[in-house]
Amino acid sequence: MMEEVNEVTSTLSVDRHNINVTEVLKDGDSLTFLIVSQKLSGTGEYHVARAYDDFEWLQQHLFSQEDVPGIQGVIFPPLPAKAQVNASAKVMKQLGFLGLEEWQPYCKALETFLQQIAAHSILSKNKAVEIFLTSSDPPGRQRVRKNIFNRLSQAVEEKRKEGHKDVDEFFQTERDHNLVLTGCAKTAAERFLDVVQTEQKIAVACGHFSAALHLCVEPGEDADKQAFSKACVKLSEVFDSMKKNMTSVAENNVSTLGLGLDLESRYQEAEKEMLFRRTCKLVELESARRNAEKAKPVKKAAMEEVKKAAEMEFDHICRVAKQEIARFQGTRVEMLQQTLVQWCEKQLLTAKESAEQFNQHLQALRGMA
């Protein structure tokens, strides 16, 4: 069972660039995701089926590696919120771009989550990752432990530590920048989602108008009525093309920049959580130092040991955190650049195809004059 796995020495046997969530299977309210991974040896593929609870278990298992030095300095790849069949308005709002009732973007987000873990120098070493990607047996359906690392959403009693001044200018600056970027990324994703939903509404309206124009078609041999009917049919074709064009534009927005902004927003939150965990450890270290200074002779040695352990743990976290921040900054720029390029390429192709089609409609209408 996967719950018994805790080693951190394994090497992945899959190509980290070729991990794909290819399909989602629905059985009532239950969702199962099919994962296909290319073997590193190039001799074939692994095919496994996983439920969302399995993804959540994997993330929590990676969170809880207390024997890995500096693990709390890791910016953990963010797992999307749980998708649901016939989700409530609240869940849909939480999912954002991933809640547009299309499963391809959600599968892509889960795929990115797995690829980021497989590419991580620390997380990929955990044996649970290898088993998750390659074992045909389903992982254990044990209840996921909550409150691991006192995550922001569950750490109300620790909120006061968020404003604690840092002893390291590098981390204080990063915290200040992250606070701004977290808000900006969330707002950008929300505004772009508004654009996509408006485009979808326009596409639906064009479709309705296209269908309504056929109601104006009248039978008979009257020349004027025939001319009017032909014009209505042609206009119906034009608005149907407009519907298809706007639908493609919206789909392009979701599959490129939309997913990019969604991932950026969730990753900024993941960095925020890491920085908060480090701040909590800083507060603990400062408390341990004060206790050691004030300790009576009989407790002095024990308090010194606690202080040294806290210092060692904090140093490990800081070293890992600095490496993670440097890696994250390079990765997020690359990811956003890639989504922007894909966005432009897809929309340019759609625009060219639509322009050609509209030109054909124009010529047909001129021929009717």
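Residues numbered from 1 in each chain as written. Predicted model: local features only at pLDDT ≥ 70, side-chain atom pairs only at ≥ 80, totals over all residues. Heavy atoms only, no water.

## Examining the overall build of the protein
In terms of regular secondary structure, the protein is built from 7 helices and 3 strands. Going from N to C terminus, the protein has its helices and strands arranged as β-β-β-α-α-α-α-α-α-α. Computed over the C-alpha atoms, the radius of gyration of the protein is 27 Å, more than 25% above the 21 Å expected from 2.2 N^0.38 for a compact globule of 369 residues. C-alpha extents for the protein along the principal axes are approximately 110 × 45 × 35 Å. (Helix = DSSP H or I, 4+ residues; strand = E, 2+ residues; numbered from the N terminus. Rg over C-alpha atoms; globule rule 2.2 N^0.38 Å.)

## Considering the sheet that holds strand S1 (residues 14-27)
Spatially, 3 strands are ordered S1-S2-S3 in an open sheet, and the strand pairing comes out antiparallel. The outermost strands of the open sheet, each flanked by one partner alone, are S1 and strand S3 (45-51). Averaged over all adjacent pairs, the angle separating strand axes in this sheet is 25°, with direction ignored. Of the strand pairs in this sheet, S1 and strand S2 (residues 30-39) are connected by 9 bridges, and their pairing is antiparallel. Bridging across to S2, Val 21 finds its partner in Ile 35. On the sheet, helix H1 (residues 52-63) packs against S2 and S3 and is oriented at approximately 100° with respect to S3. Set on the sheet, helix H4 (residues 127-134) makes contact with S1, S2 and S3; between it and S3 the angle comes to about 100°. (Pairing = 2+ DSSP bridges. Axes fitted to C-alpha atoms, helices over the stretch in contact; angles between N-to-C directions. Contact = heavy atoms within 4.5 Å.)

## Here's the deal with the pattern of salt bridges
Considering all chains together, one arrives at 14 salt bridges under this definition. A salt bridge links Lys 108 to Glu 111, with the nearest nitrogen and oxygen atoms 3.1 Å apart. Of this pair, Lys 108 and Glu 111 both sit in helix H3 (residues 103-118), 3 residues apart, which is roughly one turn of the helix. In this structure Lys 108 comes out as partly exposed when scored by relative accessible area, which is 35%. The partner of Arg 266 in a salt bridge is Asp 262, and the shortest N-O contact between them spans 3.0 Å. (Salt bridge = Lys/Arg side-chain N within 4 Å of Asp/Glu carboxyl O. Buried < 20%, exposed > 50% of the residue type's maximum accessible area, 1.4 Å probe, protein only.)

## What about the pairing of S3?
When S2 meets S3, the two strands line up antiparallel, connected through 7 bridges. Bridge pairing links Phe 33 to Arg 50 in S3. Here S2 folds back onto S3, and the loop between the two strands holds 5 residues, one of which, Gly 42, carries a positive phi near 80°.

## Comments concerning the nonpolar core
Ranked by internal contacts, the top residues of the largest apolar core, which has 39 residues, are Phe 33, Ile 35, Phe 55, Leu 58, Tyr 106, Leu 114 and Leu 133. The element best represented in this core is H3, accounting for 8 residues. (Core = buried A, V, L, I, M, F, W, Y, C linked by side-chain atoms within 4.5 Å.)

## A look at the environment of Leu 336
Along the chain, the position of Leu 336 falls in helix H7 (residues 297-368). Along the primary structure Leu 336 and Leu 259 are separated by 77 residues, whereas in three dimensions their C-alpha atoms are 9.7 Å apart. Apart from residues lying up to four places away in sequence, Leu 336 is in contact with Gly 260 and Glu 264.

On their own, these measurements won't tell you what the molecule is for.
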